[in-house]
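Okay, here's what each chain looks like letter by letter:
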Amino acid sequence: LLNNWSTRQINFVSAYPQAPIECNLCMVLPAGIAMKGGTSKTHMLRLEQYLYGQKQAGRVWNQYLTEKLKGIGFKQFNLDECVFYKGQVLFICYVDDGIFLSPNSEEIDQTIADLKEAELDIEDQGNLKDNLGVNISKIGDKIKLN
């Protein structure tokens, strides 16, 4: 936004299930679910993907995303593990939302294409307008946050 930098916001679609499961996970049958040949007392469900709310899912997703970003050339800031950089592109991540900043919009376009090629399911939400409940607008050379 400052110095006429380009911005782009993305969402990682169903982020936690994108990360590979690292151990066997089971859960009891939810109430109201019937299973042929068994009940919640005799059968469990084996999960093939992480679900939101599982203790380890956030950690595993973060490790997976970090590996993918490093795989396409990003480096992670030492002081803030949610910030990555590559050339003139800066990437800030919060759980499953991300913001790209760069003086060169073509580098952002290429980075988004690289993420998709790295088999991350992302939704390109366009220029930065709203992030984590904060409305962001540029008026002349000023930035307004609501």
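Everything quoted here is computed from the prediction, not taken from an experiment.

Moving on: the pattern of salt bridges. Per the stated rule, a full pass over the model turns up three salt bridges. The salt bridge involving arginine 8 is made with aspartate 124; its shortest N-O contact spans 2.7 Å. Of the two residues, arginine 8 sits in strand S1 (residues 6–12) while aspartate 124 sits in strand S8 (residues 122–124), which places them 116 residues apart along the sequence. Arginine 8 sits in the buried class, given a relative accessible area of 13%. Across the pair lysine 86 and aspartate 114 runs a salt bridge, and its minimum N-O distance is 3.5 Å. Remark: aspartate 114 occurs in helix H3 (residues 105–117) and lysine 86 occurs in strand S5 (residues 83–86); sequence separation between them is 28 residues. If you follow the salt bridges from partner to partner, you end up with Arg8, Asp109 and Asp124 in one network.

With that settled, consider helix H2 (residues 57–71). The end-to-end C-alpha distance of H2 is 21 Å, a good match for the 21 Å that 15 residues give at a rise of 1.5 Å each. Those residues of H2 hidden inside the fold are in contact with S1, helix H1 (15–18), strand S4 (75–76), S5, strand S6 (89–94) and H3. Two residues or fewer after H2 comes glycine 73, characterised by a positive phi angle close to 105 degrees.

What counts, and where the lines are drawn
- Residues numbered from 1 in each chain as written.
- Predicted model: local features only at pLDDT ≥ 70, side-chain atom pairs only at ≥ 80, totals over all residues.
- Heavy atoms only, no water.
- Salt bridge = Lys/Arg side-chain N within 4 Å of Asp/Glu carboxyl O.
- Helix = DSSP H or I, 4+ residues; strand = E, 2+ residues; numbered from the N terminus.
- Buried < 20%, exposed > 50% of the residue type's maximum accessible area, 1.4 Å probe, protein only.
- Expected span 1.5 Å × (residues − 1).
- Contact = heavy atoms within 4.5 Å.

In short, geometric facts, not functional conclusions.
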